[in-house]
Amino acid sequence: MKNIKNPLAVLEERLNSAAQFCSAYIKKYDEIKLWEIFGGVQRSVGIQIEKGYLKESASGTTSALTIRLFGEHGNVGSASIKDLSNPSAKRAIEKAKSTMKVSLPNPEFKGLVKPPNKYPDIQTEWDRDIENLTIDDTTDVIDRFLQEPARDKRIKSISGGLSYSDGRIIIINSNGIDLTDKTTSASIAIGYTMEEIINGKKENSSAYDGQEFIYFKEIHNVIDKLFDETYKKAERGIRKHKIETGKFPAVLSPRAVDVLITTPICSAIDAEKVYHNRSFLQYYLNQKIGVDFLTINDDPWLKGGLLTSPFDVEGTPTKPISIIKNGVLKSFLHNNYTANLFDTESTGHASRGWYSPSIGISSSNILLNTGDYTKEEMISEIQKGVYFDITYDHANLVTGEFSGMVSSGFLIEEGEIKNALRETMFGINLIDFFKKIKGFSKNRVRKESSYLPFALISDISFSGQ
Amino acid sequence: MSDSGLNLLELHVDEKYFKKLFDLKKEYKLQYFNARFNTSLSSSFRLEKSIMKSAHNFNNYGFSIQAFVDGGFGFSTCNLISIEELENSFREAAKLAHYSSRNAEKKFDIKELDPVKAKYIQPQKKKLLNISADEKAKYILEQDKQARNYDDRIVNTISSYSDTIKHELIVTSDERIIDLTSSYARIMVHAYSKEGNVNQSSRANIGITGGYEIVDMGGKVGIKAAKRAIEILNAKPVNAGRYDVIVDPYLAGTFAHEAFGHACEADAILANESQLAGKINQKVGPEFISIYEDPDIENGYGSIKYDSEGIKAKKIALIKNGILAGYMHSRETASKMDVEPTGNGRAQSFTSFPVVRMRNTYIEKGDWNLEEMLEELKNGILCINWNYGYTEPNIGQFMFKMERAWQIENGEKKQLLRDAALSGTMLNVLNKIRAISDNVMMDDGTCGKSGQHVPVGSGGPYLLINDISIGGM
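Residues numbered from 1 in each chain as written. Chains lettered and ligands numbered in written order. Predicted model: local features only at pLDDT ≥ 70, side-chain atom pairs only at ≥ 80, totals over all residues. Heavy atoms only, no water.

1. Quick notes on the interface of chain B and chain A
For step 1, the next point in the chain: Tallying the contact residues gives 82 residues for chain B and 83 residues for chain A.
For step 2, the next point in the chain: Each partner contributes to the roughly 7,000 Å² buried at the junction of chain B and chain A, and carbon and sulfur atoms together form 51% of this total.
For step 3, the next point in the chain: On the surface where chain B and chain A come into contact, there are six salt bridges.
For step 4, the next point in the chain: Notably, a salt bridge pairs Glu108 of chain A with Lys53 of chain B, separated by 3.9 Å at the nearest N-O pair.
For step 5, the next point in the chain: Along the contact surface separating chain B from chain A lie 35 residue pairs in polar contact (both at pLDDT 80 or more).
For step 6, the next point in the chain: Broken down by element, the side of chain B that touches chain A gets its largest block of residues, twelve residues, from strand 2 (residues 51–69) of chain B.
For step 7, the next point in the chain: Of the residues assigned to the side of chain B that touches chain A, the class counts are 35 nonpolar, 29 polar and 18 charged.
For step 8, the next point in the chain: Pairing of strand 3 (residues 76–81) of chain A with strand 2 of chain B involves four bridges; the strand directions are parallel. Note that in strand 2 of chain B the partner of Ala79 of chain A across the bridge is Asn57 of chain B. (Contact = heavy atoms within 4.5 Å. Buried area = accessible area lost by both parts, 1.4 Å probe. Salt bridge = Lys/Arg side-chain N within 4 Å of Asp/Glu carboxyl O. Polar contact = N/O pair within 3.5 Å; in protein donor to acceptor, adjacent residues only side chain to side chain. Helix = DSSP H or I, 4+ residues; strand = E, 2+ residues; numbered from the N terminus. Nonpolar A, V, L, I, M, F, W, Y, C, P; charged D, E, K, R; others polar. Pairing = 2+ DSSP bridges.)

Right, here's the structure in full:
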């Protein structure tokens, strides 16, 4: 039998070889003052479920190498290739070099990351099982999807899917950074559509949820709960109610806490946005922006965290930081570029897309502090209000204003969750809103790389009828 | 780009590859396959405050195989094009198709079509390959500077230029061999304004299929963005509530695309995830409403000649005179519903499988003019442009965040408003349209679905709509 080599291992060899070729070739040119090579290879498998049946299975290997070159005045030129051959790599360098020459000077650019004395003694976690996982190993998870329509005849459709991937990255720069890392991920997404005839009229509802992990086995740990909770939301959403326009207290689910609290804060403390007047938190460093018990930490060393890593995508060592402590904004997030702009050190929060030439900034594992409430106690405190489960809108980070639609939410009456809300809009000013948090729940729920409690809010403006 | 650019757009896929594909189909007992070979060249420039943050070139390269048997699809991609890799990927796709078919909904076949061999090259009035990086960089710098210099209250600008030339060879098992060269370009300027404690932002953009003629078509993109960002500094938050409104052509287009178009995609119909399932030939709106899906608008950002499945794209009516007239189809949905495919099977790139997607979607014009509509509205809100929007087709609920709005009193503009969001359910709102203006304007955008993003166009006339929910601060 023909011995077939692991396709990812083959690609990894090609990636290393192309990166070595590039670093040697670039050195021929004196006009290139600094350079960086960022590459990756990935094998991914995805299975798509539609209407309760398996529709499509997909797999693929992909590779990419991005070369960034800098001239004497910070002028940048870059190029990306997919095929990793030496002729392609050579063409990419020539192309990047010619673009660098016509690019504009960048007085803000002060250099690339230099190797640190030491990286933190933590390892990026990855799942060895995913390396050898075949599609046949996913059968029990797929069966769970296929069985689900039998749960309730009002289920019109189950959609979603399962995917997993296994990848390698490489970062090399002209200052001596030379790093490689392994990553794995496994994710599941579930969507229900339900329908019932109520008083002669068809009423529909839908609910979606999902989770992403490092280890495939973690899907098995959550799958039943994820199906049950998503089903319950869809089931409860069939009977809808319009709320009158006004201000009402609200309980936020952890994913609403993510969209309304942690994501706007973590996005607005991106130092590039701050520097360029694109953040409503621009003038709030070391200022109070929320209630005393609002504390948010960013921990790239968290054991088992989805974004745990000893270094960021530029090669800067990571470290845990306090974002908000007792309601006071303690830090902006920096990559190497913004750290130079602010004359400070990078916080190790550089991020980038798969083969993007642009280095962005994003948080790592986010932990919001817990409180004294149980979810049930929060709900029981409310005579009339809203259980706010999710909105698909996002805040205006420039103004700090956030208006949109409650995509999934429920009326609370006399301390109990009742019908789903129909066509309900909301509007908040985030700085006011952070001061209206009355408490957090004792328990936290993991949503991707964030660990979030339920939150009780004194009032939010809703508009309905 | 020079000759090397032309060379990089060559695919070197010949009869040897075709023969191998058909041999493999037999070997793996497939009913259908779609092989897509691709090479593309992109260039992009991004400036912030006239500092060049990125000047990038990208050569995407590879192929994918979509295999089908007994109701199940398998899909595999690779970044190298060779006979050996073709065999490997085909084997993988075939294996996955057989795996999928074991748990597929029903055993159906992809309807076989007549063989066709066609070649199409997107016309470019100014060929992108003849334009130097220097010229593109200088152009976008000029737009950025114009935005920055428009007013002292402009505190930041982000400007970008991007273009792509893509050469794709599509080979299907029913011998449809389509050789396509398409080209796109897009320009976008974001302007950020500040006065006292008030921060605002606005954008202007243009996206086309074609070439570097985009710079002649776009006008002063930077100034447009800056002007809007300054205007909106005086805007006040809208009071949430229910209003009679007029939406402008760009928001009308967003309604046509987000709220209605997605619900007309046949995959949503088949998955029981659309309110429009089973409603063909039924009245869904007032008789003066017609909505079309047109892939052949000159320079339209969503214009295509053939879709990613080798089907010639054709114009279709979604609503004609208030009656639901048709759905958009891929080869899969057309086969399942026993109709002709419409050329809506689009993939973001060769690494994604084709799904039902829109091209250019618009509402047909009516016979009112805007002044008459404002008079008819009397008191309400004139909603201008969109920031983003989304919909849930299964319940028909949508939300569009508008860029700005005017409070209208006695038919006249009174106060500029900001941070307003418009929401409703699709069929309900469609039936509340009272008047349609006599002009159609199109906009460019990027539509996300199934994790894929494709360029689309959307547009329409001004629409007068009664009693709609507006969310605000």
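2. Structural notes on the packing of aromatic side chains
Residues and elements named next belong to chain A.
For step 1, the next point in the chain: One pass over the full model with this rule turns up 31 aromatic pairs over all chains.
For step 2, the next point in the chain: Clustering of aromatic rings is evident, with ring pairs tying together Phe145, Tyr192, Phe227 and Tyr231.
For step 3, the next point in the chain: The residue whose ring lies beneath Arg151 is Tyr231, and the NZ or CZ to ring-centre distance is 4.3 Å.
For step 4, the next point in the chain: For the cation-ring pair, Arg236 lies above Phe410, with the distance from its terminal atom to the ring centre recorded as 5.8 Å. (Phe/Tyr/Trp six-rings, centres within 6.5 Å; stacked < 30°, edge-to-face > 60°. Lys NZ or Arg CZ within 6 Å of the ring centre and 35° of its normal.)

3. Concerning the environment of Lys29 of chain B
Residues and elements named next belong to chain B.
For step 1, the next point in the chain: Relative to the helices and strands, Lys29 is located in the loop between helix 2 (15–27) and strand 1 (32–48).
For step 2, the next point in the chain: The exposed category is assigned to Lys29, whose relative accessible area is 64%.
For step 3, the next point in the chain: Taking the C-alpha atoms as reference points, Lys29 and Phe68, separated by 39 residues in sequence, lie 9.5 Å from one another.
For step 4, the next point in the chain: Setting aside anything within four residues of it in sequence, one finds Lys29 in contact with Val69 and His98. (Buried < 20%, exposed > 50% of the residue type's maximum accessible area, 1.4 Å probe, protein only.)

4. Focus: the nonpolar core
For step 1, the next point in the chain: One finds Leu252 and Ile261 of chain A to be the most contacted residues of the largest nonpolar core, which totals 52 residues.
For step 2, the next point in the chain: The element that contributes the greatest number of residues to this core is helix 6 (residues 254–268) of chain A, accounting for eight residues.
For step 3, the next point in the chain: Ignoring any residue separated from it by four or fewer positions in sequence, one finds Ile261 of chain A in contact with Leu252, Ala256, Leu294, Ile296, Leu368, Phe433, Phe434, Ile437 and Phe440 of chain A.
For step 4, the next point in the chain: Core analysis: the second largest hydrophobic core is formed by 46 residues, Ala266, Leu276, Leu417 and Ile468 of chain B among them. (Core = buried A, V, L, I, M, F, W, Y, C linked by side-chain atoms within 4.5 Å.)

5. Digging into the pattern of salt bridges
For step 1, the next point in the chain: Under the criterion given, the structure shown has 66 salt bridges over all chains.
For step 2, the next point in the chain: Close ionic contact of Glu36 of chain A with Arg68 of chain A constitutes a salt bridge, the shortest N to O distance being 3.0 Å. In this pair, Glu36 of chain A is assigned in strand 1 (residues 34–50) and Arg68 of chain A in strand 2 (residues 53–70), connecting sequence segments 32 residues apart.
For step 3, the next point in the chain: On the basis of relative accessible area, Glu36 of chain A is assigned to the buried category, the value being 2%.
For step 4, the next point in the chain: Owing to a relative accessible area of 9%, Arg68 of chain A belongs among the buried residues under this scheme.
For step 5, the next point in the chain: Residues Asp467 of chain B and Lys432 of chain B are paired through a salt bridge, measuring 3.6 Å at the closest nitrogen-oxygen approach. Pair noted here: Asp467 of chain B is in strand 23 (residues 463–471) and Lys432 of chain B is in the loop between helix 11 (426–430) and strand 20 (433–436), with a separation of 35 residues, a long-range link.
For step 6, the next point in the chain: Asp467 of chain B sits in the partly exposed class, given a relative accessible area of 34%.
For step 7, the next point in the chain: Each of Glu12, Glu131, Asp166, Arg168 and Lys182 of chain A takes part in one network of salt bridges that share partners.

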